[in-house]
Amino acid sequence: MTIVITIANQKGGVGKTTTAINLAAALAAKKKKTLLVDMDPQGNSTISFLQDESIDKSIYDALTGTTTQLKEVVHKADLDHLWIVPSRISLAKLESKLIGDFDAHFRLRDRLESVRAEYDFIIIDTPPTLGLITVNALVAASHLLIPIQSSYYALEGTDDLLETLDKVKSRPNPDLQVIGVLITLHDKRTTLSRDVAQKIQEAFGDKVFKTVISRSIRLEESPAYKESIFSFAPHSSGAFEYYSLSEEVMARV
């Protein structure tokens, strides 16, 4: 059975893309056939694994009907067991392109059906919004992973995400489950970070992963070099933490 994990939080800067990149890389390192679907118009997950000149078609083409076969936009990453569906800035036009279409919220789910059985895991990166792109990602998923930054405004907006989750579960995707809440950008040296982590724990209970992603210069630098943390700094705390997260994810599913 293929596990499809959407990583979502409409609050920006919480580590969605960092988590998508490194969770996908960690699962691939465990020899799990993994497809990373970049649903963020900024395309940062894409450029971490692919050269821009190698991208002729993107997820936008698959979702808008330019090509209906998702396999036409799947690219092999340099990393063994990892494939990428790239994004480009054109994806920002998706909502206006599909407005009024009866199947607008189901496009990603329907396109994934043709390749779903080929992978053990499909990881979906999303933009910091709760618009059509993110709803498509939630409808297509079997599980939702919520990264929450260990900061003062950590839980701000979480209610809106959970409300959207309930709406998606009520009709288009009743089987969607929250696989876990991931505390990110945590600085255990500060009282504030520890207090916020405690509040997140109180709010979500056993949904919170034991793994906590620490604030790390190496994690912040790796996207600039278009690498996952495992190739950029394999002995860093970030590499250890994301490897640990992958083990928790596998145990939970």
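For the structure, check the block above.
Residues numbered from 1 in each chain as written. Predicted model: local features only at pLDDT ≥ 70, side-chain atom pairs only at ≥ 80, totals over all residues. Heavy atoms only, no water.

### Description of the nonpolar core
- One finds Leu-35, Val-37, Ile-59, Leu-108, Leu-112, Ile-124 and Ile-200 to be the most contacted residues of the largest nonpolar core, which totals 47 residues.
- It is helix H6 (residues 132-140) that contributes the most residues to this core, seven residues altogether.
- Counting 32 residues, the second-largest nonpolar core is a separate cluster that includes Ile-7, Ala-24, Tyr-242 and Val-249. (Core = buried A, V, L, I, M, F, W, Y, C linked by side-chain atoms within 4.5 Å. Buried < 20%, exposed > 50% of the residue type's maximum accessible area, 1.4 Å probe, protein only. Helix = DSSP H or I, 4+ residues; strand = E, 2+ residues; numbered from the N terminus.)

### Notes on unusual backbone geometry
- A positive phi angle is found at Lys-31, which is not glycine, with a value near 65°.
- Position of Lys-31 among the secondary structure elements: in the loop between helix H1 (16-29) and strand S2 (34-38).
- A relative accessible area of 63% places Lys-31 in the exposed class.
- A positive phi angle is found at Leu-185, which is not glycine, with a value near 50°.
- The topology assignment puts Leu-185 in strand S7 (residues 177-186).

### Regarding the layout of surface pockets
- By volume, the largest pocket is sized at about 410 Å³.
- As for the largest pocket, its lining consists of 23 residues, of which Gly-13, Gly-15, Lys-16, Thr-17 and Thr-18 are closest to the centre.
- Elements with a contribution of two residues or more to the lining of the largest pocket: H1, S7, strand S8 (208-214) and helix H9 (217-221).
- Looking at which element gives the most residues to the lining of the largest pocket, the answer is H1, with four residues.
- Residue composition of the lining of the largest pocket, by class: eight nonpolar, 11 polar and four charged.
- Empty space within the second largest pocket amounts to approximately 270 Å³.
- Around the second largest pocket sit 15 residues that line it, and Ser-48, Phe-49, Asp-78, Leu-79 and Lys-226 are the ones nearest its centre.
- Listing elements by their share of the lining of the second largest pocket, those giving two or more residues are H1 and helix H10 (229-232). (1 Å grid on protein atoms, 1.4 Å probe; cavity = no way out; pocket = protein on both sides within 12 Å on 5 of 7 lines; lining within 4 Å. Points joined across faces, edges and corners; volume = space filled by probe spheres on them. Nonpolar A, V, L, I, M, F, W, Y, C, P; charged D, E, K, R; others polar.)

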